[in-house]
Structure formats: structure tokens, C-alpha cells
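Structure assessment
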Amino acid sequence: MQPPAGMSLSAVQSQIERDHASFRSDLLRLEAAVTGTTAAGRTLKRSGSRVSAEYRTVFNGAALRSRRWLVERLRSLPYVRAITPDVRIHAVDSSSNHQIGADSVWSRYGLTGTGVKVGVLDTGIDYMHPDLGGGIGPGFKVAAGWSFVEDVVSPKDDHGHGTHVAGIIAADGPHLQGVAPDATLYALKVLSSDGWGNASWIMSGLERAADPDGNTGTDDHMDIVNHSLGGMGDPTDALSQAIDNATAAGV
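Summarised in this report is the structure supplied together with it. Every chain is numbered on its own, with residues counted from 1 as its sequence reads. Restriction of local features to residues with pLDDT of at least 70 applies here, the model being predicted, together with a cutoff of 80 or more for giving and counting side-chain atom pairs; totals for whole chains, interfaces and linings are based on all residues. Hydrogens are left out, water is left out, and the side-chain values use all remaining heavy atoms of the structure.

Let us look at the overall build of the chain. Each helix corresponds to a stretch of at least 4 residues labelled H or I by DSSP, and each strand to a stretch of at least 2 residues labelled E; elements are numbered beginning at the N terminus. Looking only at helices and strands, the chain has six helices and 11 strands in total. Only protein chains enter the accessibility calculation, which uses a 1.4 Å probe; a residue whose area is less than 20% of its type maximum is buried, one above 50% is exposed, and one in between is partly exposed. Counting only residues that meet the buried cut, the chain has 39% of its 251 residues in that class. Between two residues, a contact is recorded if the distance between any of their heavy atoms is within 4.5 Å. Counted over contacts in the chain with a minimum sequence separation of 6, partners at least 24 positions apart contribute 70%.

Pasting the structure below:
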């Protein structure tokens with residue numbers, strides 16, 4: 001994140017860690033404190049809250065699954081600026097891949113994507129496809145990946161949209177060339193086999209793109225991310241802020 005005026009990056013990072021520690025502590029405290037019976041005679045039970053993700057680079061916050069009564073209590077904490085629903089995001093297709101003159105750019109300027117790291121935030125990538133390198137790892141077209149849907153290493157596409165997008169971007173094989181055939185792809189699976197994902201999954205993908213090694217520095221950030229998806233929101237919501245902060249970090 002870009003530090004506020006007059007505040008160093010290290011001070012911002014320290015404040016973020018304090019916020020996260022306070023949140024975890026207050027969550028446990030509120031879970032333990034709210035028991036018994038309300039004035040209306042309803043019994044309050046432990047909410048079984050689960051923190052599924054924490055964000056420190058593209059957004060200062062966390063993704064939480066809990067009951068409404070606990071969420072309302074968290075909203076009143078002094079350091080909580082806002083609590084927003086984890087809305088569903090859907091894959092967005094275009095009707096065709098228009099001719100954009102990419103071949104003339106290759107020949108006139110020699111720009112084919114060499115050395116460019118592109119994160120594909122989508123339904124995964126079929127990295128075994130011959131036009132996408134036939135494998136995954138260092139030296140392959142798809143250099144690495146992660147599924148934030150199943151929280152596993154394998155970002156294998158079980159829908160098709162992400163593979164379609166990856167092919168447009170950087171395919172380089174016997175059947176197809178993409179716009180930047182020499183670019184390196186990173187498969188960040190944030191949409192399910194049905195083509196939808198939670199905003200928290202998208203934000204986790206952005207977090208990985210902005211800081212792949214997780215060391216709180218963004219010097220290893222991806223050059224570009226593509227996410228052909230959309231849903232309800234506005235410029236001030238958590239996902240929009242994460243996108244703005246990833247851009248400020250150099251993505």
C-alpha cells in the first residue's frame with residue numbers, strides 16, 4: 001500500500017500488523033463473551049466464525065464467515081472502517097477475439113511479451129494444453145499457480161474460461177498464438193467450475209500477484225493481471241481498493 005503523507009512504509013506495516021492482532025483478539029473475546037439469553041428470549045450461541053483470508057498488501061482487512069450478530073459487534077470496533085458482503089463475482093465473456101494488429105507490433109517493434117509476467121485471475125488454466133506449454137513450473141509457459149477456490153497448489157481449469165483467456169494473452173503452440181506469445185503466465189484460480197467466485201478469492205489472487213513471495217515487499221510483483229469478471233460493487237468497496245493498491249504497488 002502507498003503510505004499516507006508523513007508516514008513511512010514500515011510504520012504502515014507495523015500498524016497493519018497491530019490491526020490484525022487486535023482483530024484476532026477481539027474476535028475471540030466477542031465469541032467468548034456473547035452467551036446466554038437476549039431480552040427477547042433468544043439464546044445466543046457461539047457463531048463458529050472462520051477467518052478464511054487476511055490481507056496486508058493490497059488491502060488491510062480479512063475475510064470472515066460468521067453470524068450476523070457477531071458481525072454487528074465487530075462493526076463497532078474503533079479500528080474497523082467498514083464491513084462489506086463477500087459478493088459473488090462472475091466470469092465475463094466477449095463475443096469474439098477481434099483483429100487488433102498484434103502481428104504488426106511483433107514485426108515492427110519486436111514486442112512479443114518476453115520477460116513479462118502475467119497473472120490470470122480466472123477459473124484456472126489448462127497448463128497441459130500444447131498451446132500453453134504442456135506443463136507447469138519454472139521453464140514452462142505457465143510458471144506457477146494456486147487455487148484460491150480449493151486452497152490448493154493446482155490451478156487446473158475445470159471450467160474453460162481461464163484457459164480461453166490465457167490463450168488470447170500468450171498461447172504459443174502448434175494451433176494458436178496469443179497477443180504476447182513470449183509472456184510468462186501465472187494461473188491464479190479465483191473462480192469455481194461454475195464460473196463464480198467470492199470477492200475474497202479475487203483479493204487473495206491480487207495479494208499473490210502484488211507480492212508473490214509474501215515478504216511484505218512488492219519488488220517481485222507481476223507486471224500485469226487480467227481478470228475478465230464482474231459483479232456488484234462501487235469504487236470504495238474492498239475489492240476496488242485492492243485493485244487500486246495492487247496498481248500502486250506496480251501491477
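What follows is about the sheet that holds strand 9 (residues 196-198). In this description, strands pair whenever DSSP reports at least two bridges between them. Strand order in the open sheet formed by three strands is 9-5-11, and the pairing between neighbours is antiparallel. What marks the edges here is a single partner per strand, and that holds for strand 9 and strand 11 (229-230). Bridge analysis of strand 5 (residues 88-91) against strand 11 gives two bridges, and the strand direction is antiparallel. Residue pairing for strand 11: H90 is matched across the bridge by G230.

Another point: unusual backbone geometry. Peptide bonds are, in most cases, trans, and in most cases residues other than glycine have a negative phi. Phi at D151 is positive, roughly 60 degrees, even though this residue is not glycine. Counting through the fold element by element, D151 comes out in the loop between strand 7 (142-147) and helix 4 (161-170). Here D151 falls in the exposed class, since its relative accessible area comes to 56%.

With that out of the way, let us pick up helix 5 (residues 199-210). Counting along an α-helix, one turn takes 3.6 residues, and residues three or four places apart therefore face a common direction. A helix is expected to span 1.5 Å for every residue after the first. Look at helix 5: 16 Å from first C-alpha to last across 12 residues, which is about the 16 Å you get at 1.5 Å a residue. Counting buried positions along helix 5 yields 11 of 12 residues, so the element is predominantly enclosed. Listed in full, the buried residues belonging to helix 5 are A199, S200, W201, I202, M203, S204, G205, L206, E207, A209 and A210.

This brings us to the pattern of salt bridges. Only one rule defines a salt bridge in this text: a Lys or Arg side-chain nitrogen within 4 Å of an Asp or Glu carboxyl oxygen. The full count for this structure, using the stated rule, is seven salt bridges. As a salt-bridge pair, R56 and E54 come within 3.5 Å of each other at their nearest N and O atoms. Accessibility expressed as a relative area gives 27% for E54, which makes it partly exposed. E72 is the partner of R75 in a salt bridge, and the nearest nitrogen-oxygen pair spans 3.3 Å. Note that R75 and E72 are positioned in helix 2 (residues 68-75) at a spacing of three residues, about one turn of the helix. Taking the relative accessible area as the measure of exposure, E72 reaches 40% and is therefore partly exposed.

With that settled, the discussion passes to the packing of helix 5 against helix 6 (residues 238-248). For the pair helix 5 and helix 6, the least separation of the axes is 10 Å and the interaxial angle reads 10 degrees. One way to sum up the angle between helix 5 and helix 6 is to call them roughly parallel. Residues A199, I202, M203 and L206 of helix 5 lie in contact with helix 6, whose contacting residues are A238, L239, A242, I243 and A246. Along the lines of polarity and charge, the residues of the contact of helix 5 with helix 6 split into nine nonpolar, no polar and no charged. Where helices are involved, their axes are fitted lines through C-alpha atoms of the stretch in contact, as for all axes, and angles between N-to-C directions lie from 0 to 180°. An angle below 35 degrees is treated as roughly parallel, one above 145 as roughly antiparallel, one from 65 to 115 as roughly perpendicular, and anything else as oblique. For this scheme, ten residues count as nonpolar: Ala, Val, Leu, Ile, Met, Phe, Trp, Tyr, Cys and Pro. Four count as charged, namely Asp, Glu, Lys and Arg, and the remainder, Gly too, count as polar.

Pairing within the open sheet is parallel, and its four strands lie in the order 7-8-6-10. Where the open sheet ends on each side, the last strands, each with one partner, are strand 7 and strand 10 (224-226). Between one strand and the next, the sheet's axes are offset by a mean angle of 20 degrees, whatever the strand orientation.

Take the nonpolar core next. Residue types Ala, Val, Leu, Ile, Met, Phe, Trp, Tyr and Cys, when buried and joined through side-chain atoms within 4.5 Å, form a set referred to as a nonpolar core. Counting 28 residues, the largest nonpolar core has V58, F59, L121, V190, I202, M203 and L206 as the members making the most contacts within it. Secondary structure elements with two or more residues in this core: strand 3 (50-55), strand 8 (184-189), helix 5 and helix 6. Sequence-distant contacts of M203, defined by excluding residues within four places in its chain, comprise Y55, V58, F59, A238, L239 and A242. I125, L132, A183 and L185 belong to the second-largest nonpolar core, a separate cluster that totals 15 residues.

Each aromatic pair joins two rings of Phe, Tyr and Trp (for Trp, the six-membered one) with centres within 6.5 Å, and gets the label stacked for planes under 30 degrees apart, edge-to-face for over 60, and tilted for any other angle. A complete count under the given rule lists one aromatic pair for this structure. Between W196 and W201 the ring centres are 5.5 Å apart and the planes differ by 25 degrees, which places this aromatic pair in the stacked class. Both residues of the pair, W196 and W201, count as buried. Over the face of the ring belonging to Y127 we find K156, whose NZ or CZ atom lies 5.7 Å from the ring centre. Definition used: whenever NZ (Lys) or CZ (Arg) falls within 6 Å of the ring centre and also within 35 degrees of the ring normal, the charge is taken to sit over that ring.

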